[in-house]
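Architecture at a glance
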Amino acid sequence: MLRDAWLMASKDLRIEWATRVGMGQILPFGGLVLILFGLAISPDLAVAGSDGRSLLAQAAPGLFWITVLLASLLALGRSFAVESTDGNLDALKMAGLDPAGIFLGKSAAVAAQLLALQVILGIGAFVLYGPPLADLVLLSVIVILATLGISAAGTVYAALASGLTVRDTLVPLLVLPVVAPVLLAATKATEAAVYGPLDNGWSWAMLLGVFALLYAGVGMLAFGPIMEES
Amino acid sequence: MTSTSSKATYVVGWAALVALALSLLFALVLSPPEANMGDSVRLLYIHLPTIAVSYVGYGITFIGSVIYLRNRSAFWDLLAGAAAEIGVLFTAFVLITGAIWGKPTWGTYWEWDPRLTATTVMFIMYLGYLAIRRMDLPQEVRSRRAAVVGIVAIANLIIVRYSVQWWRGLHQGRTLGVDTQLDGLMLFSLFLSVVAFLLLGAWLLVHRFRVAWLERQVEDMRLARALSERRGEAGGATLGGAVS
Amino acid sequence: MVNLAGAISLIGGFPALAGVDLTVDDGEIVVLRGPNGAGKSTLLRLCAGLAPLNGGTGTILGHDLSSREERRRIRRETGLLAHQTFLYDELTVEDNIRFWAKANRADPSTVEPILDRLDLGGRLRTVKISDLSAGQRRRASVAVMVCRRPKIWLLDEPHAGLDQSGRDFIDDIVRHAVRFGATVIIASHDHERVSNLATRTVHLVGGMVTGAAEGRQEGKNAS
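Calculation notes
Residues numbered from 1 in each chain as written. Chains lettered and ligands numbered in written order. Predicted model: local features only at pLDDT ≥ 70, side-chain atom pairs only at ≥ 80, totals over all residues. Heavy atoms only, no water. Helix = DSSP H or I, 4+ residues; strand = E, 2+ residues; numbered from the N terminus. Rg over C-alpha atoms; globule rule 2.2 N^0.38 Å. Buried < 20%, exposed > 50% of the residue type's maximum accessible area, 1.4 Å probe, protein only. Contact = heavy atoms within 4.5 Å. Areas by Shrake-Rupley, 256 points an atom, 1.4 Å probe, with all protein chains shown as cover. Lys, Arg positive; Asp, Glu negative; His and termini not counted. Charge placed at Lys NZ, Arg CZ, Asp CG, Glu CD. Pairing = 2+ DSSP bridges. Axes fitted to C-alpha atoms, helices over the stretch in contact; angles between N-to-C directions. Expected span 1.5 Å × (residues − 1). Bend = angle between axes of the 7 residues up to and from the residue. Parallel < 35°, antiparallel > 145°, perpendicular 65-115°, else oblique. Left-handed = near helix turned anticlockwise from the far one by under 90°. Nonpolar A, V, L, I, M, F, W, Y, C, P; charged D, E, K, R; others polar. pLDDT = per-residue confidence, 0-100. Core = buried A, V, L, I, M, F, W, Y, C linked by side-chain atoms within 4.5 Å. Salt bridge = Lys/Arg side-chain N within 4 Å of Asp/Glu carboxyl O. Patch = residues over 30% accessible without salt bridge, like charges linked within 9 Å, V, L, I, M, F, W, Y side chains within 5 Å.

Moving on, we get to the overall build of chain C. Along its length, chain C carries seven helices and ten strands. Taking 2.2 N^0.38 as the reference for a compact globule, 223 residues should give roughly 17 Å; the C-alpha atoms of chain C span a radius of gyration of 17 Å, in line with that estimate. C-alpha extents for chain C along the principal axes are approximately 55 × 40 × 30 Å. When each of the 223 residues of chain C is scored for burial, the buried share is 57%. Considering only contacts within chain C whose residues lie at least 6 apart along the sequence, 66% involve residues at least 24 apart. Per element, the accessible surface of chain C, about 9,000 Å² overall, is 48% carbon and sulfur.

Take a look at the structure:
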């Protein structure tokens, strides 16, 4: 199973490298969303009782994570679009790859892409919104755990919508309610990592970890039935 | 079966109506206002039973999905789908009545309290489930994927509930059930309402399930006809193409 | 090898196969002929374990088509060549074949010789699939199939869209496959070419096998 996962992941990443969709399209999209938030929320509005901190800076964690979620929808759609053309899903079935391995591989590839995106988008958020940074370690942990959770859950639901022309509108409807807790926990934890206090942050990070584990398990179990078309 | 009514549904239907009428009486007239909340406690008699029926519906969806994945029985598949629709219907009702009632009572249409937020996310989640049931794919594929979602949705529900509760824990809004004291007549009214709504939900479920069952039978009949038409193509060929 | 009795296969609710009786023995080259929409592609997919068996009975290579576990085994041991390439457009020939060889647990040492033999080892090696001609793409798909060494080769209109040398290539491949012990089922409109190859012709109309065939007699249906 792990061997199959590695095979799928390296193949997906190789395709990404060859087409540069992640860097060339999804990253600019993410940057655009960050800027749009700045346009929608005036940088001059200050938050009462926060030492003149701007509303934008205060809301930065949440805005960052919404941007990540939207970018992840694109990445997830792409992950399965690649398999839908040219009958590749059939070919994967013919090859007899372990469905759990396929799941792990594809979600790992999506996670890797998202992590790369977040490093750059994160820097962008700091630059555009201007929040401070209290704890980089906590922030890194949050980013990793949240990404794993979003990738795992997203891969499950993107697979459910695969093979359809309405996929692009169905995937957001399925994925976003499910990862809403991730948005919540990641935002809260990031607020702690950025503004402090820190204890809160680690509790929320734990929730992210539980979510990621849960959906890794769900994906490994559910991918077999999902892939079995007949 | 050409109609979805039966003796059972008549009994349940009438019982539901009577129970609803009675509970309305108790809720609005006979039961007293509550010590802390006054008359706004009466919303509880509608809200709690409605959401209770939703949960029962989603629970049936869960059970039906599990059983369907095991034995591929059309009964459990259709039951899961029908139950989810009833659940979504009642959830929508609770959200709308909450908003309408909320404005005159507390001044706002919406409150970011844990329960309401989690309920709304749950509502959208099951809309997704229903969307999967309508996907343009072969029926077995649709049913299997829907079953997976129906099962995982319960885990989602729990996670959303707990995370939202944690989130708003320090900002407790005006949640019903907190700081209220129910006793005697009020408890009875509540119980009566729950029974009434459950009967209503059951009645709707049976009808909706039967409609789905009939739809499935129509599909099967259409398939049988398509099969014989298809064979006609072959028959026409062996007869030297004389038949069109 | 293949044993179908009254096989029914539903594609999107439509009975693509409405009761097929077919027997194919080891080493045969069977040609499927019939009008468009007759169900040839579905029949091939059924033999590959990709299309569902909704009625009747069938065994492929001794494995029962109605069991999910057995269908997995059927997929491993059969190979399908169809209109789709089963390759990743965005990757090169070499990356694709290496990936699919590994995915199919094929012996990695066979990849190079196969690339060479199919004329893909030179300049074409590093070309993306999307940049290849139709004939070259078909060759790449065949390369993957050869790596897998399936016991039954299922070819759906393999000559379509190819020029003369491309078609000759397909014929060579088919003869080659049989010489190495495989059984071949081809669906084709290219009547002259395939009847030279085939040991037997089967006619398919309206999802059922009809009429007389050259060579051995098929199980009747409508009569």
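Per the secondary structure count, chain A includes eight helices and zero strands. In terms of overall dimensions, chain A is globule-like: its C-alpha atoms have a radius of gyration of 18 Å, near the 17 Å expected for 230 residues. Each of the 230 residues in chain A was classed as buried or not, and the buried ones make up 56%. Across chain A, every contact between residues at least 6 apart in sequence was considered, and the portion connecting residues at least 24 apart equals 82%. Accessible area of chain A: about 8,800 Å², with a carbon and sulfur share of 72%. Of the side chains in chain A, 10 bear a positive and 15 a negative charge, and the two mean positions are spaced by 6 Å.

Within a regular strand, the side chains alternate between the two sheet faces. Residues and elements named next belong to chain C. Among the eleven residues that make up strand 2 (residues 14-24), eight are buried, leaving the element largely enclosed by the rest of the structure. Pairing geometry for strand 1 (residues 2-11) and strand 2, over eight bridges, is antiparallel. Residue pairing for strand 2: Leu4 is matched across the bridge by Leu22. The turn linking strand 1 back onto strand 2 is made up of two residues, and Gly12 within it adopts a positive phi angle of 60 degrees.

On to the sheet that holds strand 1 of chain C. All names here are of chain C. Within the open sheet, the four strands sit side by side as 2-1-4-5. Their pairing is antiparallel. Only two strands of the sheet have a single partner each, and these edge strands are strand 2 and strand 5 (63-64). In this structure, strand 4 (residues 55-60) lies alongside strand 5, joined through two bridges in antiparallel fashion. Residue pairing for strand 5: Thr59 is matched across the bridge by Asp64. Across the sheet, helix 1 (residues 40-48) lies against strand 1, strand 2 and strand 4, angled at about 115 degrees from strand 1, the strand it touches most.

Next up on the list: helix 8 (residues 198-227) of chain A. Between its first and last C-alpha atoms helix 8 of chain A spans 43 Å; for 30 residues at 1.5 Å apiece the expected length is 44 Å, and the two agree. The largest bend in helix 8 of chain A amounts to roughly 35 degrees and is located at A:Leu221, with the proline A:Pro225 lying one to four residues further along.

All names here are of chain A. For the pair helix 1 (residues 2-19) and helix 5 (residues 99-129), interaxial distance at closest approach is 7 Å and the crossing angle is 40 degrees. In this view, helix 1 runs oblique relative to helix 5, as classed from their interaxial angle. Remark: the crossing between helix 1 and helix 5 carries right-handed chirality. Listed contacts from helix 5 to Leu2, Asp4, Ala5, Met8, Ala9, Lys11, Asp12, Leu13 and Glu16 of helix 1 are Gly101, Ile102, Leu104, Gly105, Lys106, Ala108, Ala109, Ala112 and Gln113. Considering only residue class, the contact of helix 1 with helix 5 consists of ten nonpolar, three polar and five charged.

On to the packing of helix 2 (residues 44-71) of chain B against helix 4 (residues 114-133) of chain B, then. All names here are of chain B. Look at helix 2 against helix 4: their axes get within 13 Å of each other, and the N-to-C directions meet at 40 degrees. Accordingly, the angle class assigned to the pair helix 2 and helix 4 is oblique. Here the hand of the crossing between helix 2 and helix 4 comes out left-handed. In contact with Ile51, Tyr55, Tyr58, Thr61 and Ser65 of helix 2, helix 4 contributes Thr119, Met122, Tyr126 and Tyr129.

Residue and element names in this part refer to chain C. On average, residues of chain C score 84 in pLDDT, and 94% of them reach the 70 mark or higher. Note that residues 215-223 has pLDDT below 50 and, in this model, 19 contacts with residues that lie over four places away or in other chains. The ipTM assigned to the predicted complex is 0.85, against a pTM of 0.85.

Ranked by internal contacts, the top residues of the largest apolar core, which has 174 residues, are A:Tyr157 and C:Trp100. Other than its neighbours up to four places away in sequence, A:Tyr157 contacts A:Leu174, A:Val175, A:Val178, A:Tyr215, B:Val149, B:Val152 and B:Asn156. Counting eleven residues, the second-largest nonpolar core is a separate cluster that includes B:Val53, B:Ala83, B:Phe90 and B:Phe197.

All names here are of chain C. Evaluation of the coordinates by the stated rule reveals 20 salt bridges over all chains. Ionic pairing is found between Lys151 and Glu77, a salt bridge with its closest N-O pair at 3.2 Å. Here Lys151 is found in the loop between helix 5 (134-148) and strand 7 (152-156), whereas its partner Glu77 is found in helix 2 (residues 68-77), with 74 residues between them in sequence. For Lys151, a relative accessible area of 43% corresponds to the partly exposed category. Here Arg98 makes a salt bridge to Glu94, at a shortest N to O gap of 3.3 Å.

It is generally the case that most residues other than glycine have a negative phi and that most peptide bonds are trans. Residue and element names in this part refer to chain C. For Arg105, which is not a glycine, the phi torsion comes out positive at approximately 55 degrees. With relative accessibility at 44%, the residue Arg105 sits in the partly exposed group. The backbone of Asp119 sits at a positive phi, close to 65 degrees, despite the residue not being glycine. Residue position: Asp119 is located in the loop between helix 4 (111-117) and helix 5.

Looking now at a nonpolar patch on the surface. All names here are of chain B. Taken together, the side chains of Val18, Leu22, Leu24, Leu25, Leu28, Val29, Leu30, Leu185, Phe188, Phe191 and Val195 define a hydrophobic patch exposed on the protein surface, amounting to about 980 Å² of accessible area. Every element with two or more residues in the nonpolar patch is listed here: helix 1 (7-30) and helix 6 (184-238). Here the nonpolar patch gets seven residues from one element, more than from any other, and that element is helix 1. Along the chain, Leu24 turns up in helix 1.

In sheet architecture, strand pairing relies on hydrogen bonds along the backbone and comes in two forms, parallel and antiparallel. Residue and element names in this part refer to chain C. The strand order across the open sheet formed by six strands is 6-7-8-3-9-10, and the pairing between neighbours is mixed. The open sheet has two free edges, formed respectively by strand 6 (78-81) and strand 10 (208-210), since each of these has just one partner strand. Here the average twist between neighbouring strands, direction ignored, is 25 degrees. Bridge analysis of strand 7 against strand 8 (residues 183-187) gives five bridges, and the strand direction is parallel. Paired with Asp156 across the bridge in strand 8 is Ala187. This element, helix 5, spans strand 6 and strand 7 of the sheet and lies at about 180 degrees to strand 6.

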